[in-house]
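Listed here are the chains, written in short residue letters.
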Amino acid sequence: MKALSDEIIMRKVADGNLDLLKVLFDRHHKHVYNYLYKMSGDAMLSEDLTQDVFYKLIKYRSSYKDGAFVSWLFSIARNNLKTHFTRNHKYHEPVDVLEYKTVANDAERQEDYGQLHNALNQLSPQDRELIVLNRYKEIRYEELAEIVGSTPGALKTKVSRILKKLRVIYLESN
Amino acid sequence: MKSEKDNFISSQLPAYLDGQLSPKEKQQVEDHLAISESCRKELEELRTLFTAFKEEQVQVPSDKLRNQFNQVLEQEKLSQSKVVLLENNKRSWASNLLKIAASVALLIAAFQTGRILEMEKSNQDVAAILEESLQIKQTAMLSLMENQSASKRIQGVSYIEEFPNPDEAIVEALAKRLLHDDNDIVRLNAFEALSGFASSEMVKSIFIETLEKEKNPSIQIGIIQTLVKNQEKKAVAPMQRLLEQEDTQPFVKNEIKLALPKII
């Protein structure tokens, strides 16, 4: 079972073999959760949203087209997060801007988290998202480009620039 | 000041650490690292950062997540199979009836096969258990018969009731009791146990051997009666010897006199 790629499994799921979704859940739910947690800073919310991502995977399984599975998966996760914050910040934020809550506003609470976590929070949400997707799940630039709607080349440059910024923040706090 | 080359190499460093560069690009980066102090420093700092990513404790979602996911998946599977069923119904009732009949037949056949197999298996199991318990009893019997206490030896001898077909080891152990035990009652018990199998040649020869040396009159009489009942001709000689011996009890002699004519 391990040998099968995500894409092959997902195609079988789309053909009606629902049990295989468990394999995909096992492989990816922690990464989806971690992504949502790093972006929202809210464990409960992240769990609910992760749940919702996999519900949508069940519901929309037949709409899966032959593309990279992680791109599809994280596109759903990303939209979930976006919808959530658009709904909750309707009256405060411009709707078209991705505006994520910064994790833990007061400095005292920040001590509970790791230094890396704090350094990540000093990046803009857009930058943080790219880093989280690229570093934790090791999503390649081609797939990252599909998720955020850009080109691999542009992303490669962008990610290395953000990493430089993050490196400075991280080492200063050390 | 940083050169343009520095900036370019610096942008390649993440991919270099991830091992994603082509051999040519890799060589290019390494050549530059050899001459640029600032890029070496940058690489080290980046490495520290990457290590931090690797070592960070990642938050793990609770089990609730998996449980709920499995629940929803089961529900979806149920509704999926319902849909399939409705479509079939529309297509043809007759073929469905046939399918149902076939599946019922299959179910019954499978059930019967399972039952027969199960029965065979349990019979084998019971036989194995019986065999095992007999062996345990035999071991207990043999070891009890070697016990120092006479009552334990009697207990061991009386275990013979558990063996409808005792094997040689048991018969030999009983014979040993009958021939060599110091205690009269143990010998008497051993005799009674063996008399149940007096038709066997082995038991008969044991009895004859006993008759030659046994002094206890009740055992003597018992053996004489058993041997006469089995028409054992070889018993005649030891019986006559008993008649001639002076220390033989008179009523034993009497018994022998009555018994001898019966053996033809």
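Residues numbered from 1 in each chain as written. Chains lettered and ligands numbered in written order. Predicted model: local features only at pLDDT ≥ 70, side-chain atom pairs only at ≥ 80, totals over all residues.

- The name an unreviewed UniProt entry gives chain B is Putative zinc-finger domain-containing protein, with Flagellimonas algicola as the organism.

1. A few points about the overall build of chain B
Turning to step 1, where the next piece is worked out: The helix and strand tally for chain B stands at twelve helices and zero strands.
Turning to step 2, where the next piece is worked out: Counting helices and strands in the order they occur from the N terminus, chain B gives α-α-α-α-α-α-α-α-α-α-α-α.
Turning to step 3, where the next piece is worked out: Classification of the 264 residues of chain B by burial places 17% in the buried group.
Turning to step 4, where the next piece is worked out: Restricting the contact set of chain B to residue pairs at least 6 apart, pairs at least 24 apart contribute 55%. (Helix = DSSP H or I, 4+ residues; strand = E, 2+ residues; numbered from the N terminus. Buried ≥ 20, exposed ≤ 12 C-beta atoms within 10 Å, placed from the backbone. Contact = placed C-beta atoms within 7 Å.)

2. A few points about the overall build of chain A
Turning to step 1, where the next piece is worked out: When helices and strands are tallied, chain A shows nine helices and zero strands.
Turning to step 2, where the next piece is worked out: For chain A, the residues scored as buried account for 32% of the 174 residues in total.
Turning to step 3, where the next piece is worked out: Taking contacts inside chain A between residues at least 6 apart in sequence as the whole, the part at least 24 apart equals 62%.

3. So, the interface of chain A and chain B
Turning to step 1, where the next piece is worked out: The partner chain B presents 22 residues to the 27 residues of chain A that form the contact.
Turning to step 2, where the next piece is worked out: The leading source of residues in the side of chain A that touches chain B is helix 9 (residues 152-173) of chain A, at eight residues.
Turning to step 3, where the next piece is worked out: Class assignment for the residues of the side of chain A that touches chain B results in 15 nonpolar, eight polar and four charged. (Nonpolar A, V, L, I, M, F, W, Y, C, P; charged D, E, K, R; others polar.)

4. Digging into the confidence of the model for chain B
Turning to step 1, where the next piece is worked out: Taken over all residues, the pLDDT of chain B has a mean of 83, while the share at 70 or more is 94%.
Turning to step 2, where the next piece is worked out: Model confidence for the complex is summarised by a pTM of 0.52, with the ipTM given as 0.75. (pLDDT = per-residue confidence, 0-100.)

5. Describing the UniProt feature "domain: Putative zinc-finger" (unreviewed entry) in chain B
Turning to step 1, where the next piece is worked out: Here, UniProt's "domain: Putative zinc-finger" (unreviewed entry) annotation points to residues 11-40 of chain B.
Turning to step 2, where the next piece is worked out: Helix makes up 80% of residues 11-40 of chain B and strand 0%, with an end-to-end C-alpha separation of 13 Å. (UniProt positions renumbered as here; feature names shortened; annotations may be inferred.)

6. Observations regarding the nonpolar core
Nonpolar side chains in soluble globular proteins generally cluster together in the buried interior.
Turning to step 1, where the next piece is worked out: Ranked by size, the top nonpolar core spans 46 residues in total, and within it Y35(A), L36(A), A77(A) and L133(A) carry the most contacts.
Turning to step 2, where the next piece is worked out: Dropping the residues within four chain positions of it, L36(A) is found in contact with S46(A), L49(A), T50(A), A77(A) and L81(A).
Turning to step 3, where the next piece is worked out: M141(B), V157(B), F207(B) and M239(B) belong to the second-largest nonpolar core, a separate cluster that totals 25 residues. (Core = buried A, V, L, I, M, F, W, Y, C linked by C-beta atoms within 7 Å.)

7. Overview of the environment of V186(B)
All names here are of chain B.
Turning to step 1, where the next piece is worked out: The topology assignment puts V186 in helix 8 (residues 184-195).
Turning to step 2, where the next piece is worked out: Residues V186 and V157, spaced 29 residues apart in sequence, show a C-alpha to C-alpha distance of 7.8 Å.
Turning to step 3, where the next piece is worked out: Apart from residues lying up to four places away in sequence, V186 is in contact with A150, R153, I154, V157, R177 and D181.

8. A word on helix 9 of chain A
Residue and element names in this part refer to chain A.
Turning to step 1, where the next piece is worked out: Taking 1.5 Å per residue as the helical rise, helix 9 with its 22 residues ought to reach 32 Å, and the 31 Å between its terminal C-alpha atoms agrees with that figure.
Turning to step 2, where the next piece is worked out: For helix 9, the set of buried residues is L155, K156, V159, I162, L163, L166, R167 and Y170. The arc that holds every buried residue of helix 9, seen down its axis, measures 160 degrees, which confines them to one face. For helix 9, the exposed residues lying more than 90 degrees away from the buried face are G153, A154, T157 and E172. (Expected span 1.5 Å × (residues − 1). Arc of directions from axis to C-beta.)

9. A word on the packing of helix 11 (residues 236-244) of chain B against helix 12 (residues 250-259) of chain B
All names here are of chain B.
Turning to step 1, where the next piece is worked out: Across the interface, helix 11 lies against helix 12 with an axial gap of 9 Å and an inter-helix angle of 140 degrees. What the angle tells us is that helix 11 and helix 12 run oblique. Where helix 11 crosses over helix 12, the two elements pack in a sense that is left-handed. For the pair helix 11 and helix 12, the contacting residues are M239, L242 and L243 in the first and V252, K253, I256 and A259 in the second.
Turning to step 2, where the next piece is worked out: Residue composition of the contact of helix 11 with helix 12, grouped by class: six nonpolar, no polar and one charged. (Axes fitted to C-alpha atoms, helices over the stretch in contact; angles between N-to-C directions. Parallel < 35°, antiparallel > 145°, perpendicular 65-115°, else oblique. Left-handed = near helix turned anticlockwise from the far one by under 90°.)

10. Some thoughts on the environment of L43(B)
Residue and element names in this part refer to chain B.
Turning to step 1, where the next piece is worked out: By the secondary structure assignment, L43 is in helix 3 (residues 37-55).
Turning to step 2, where the next piece is worked out: Each C-alpha atom of the pair L43 and Y16 lies 9.3 Å from the other, and the pair is 27 residues apart in sequence.
Turning to step 3, where the next piece is worked out: Aside from chain neighbours lying at most four places away, what touches L43 is L13 and L33.

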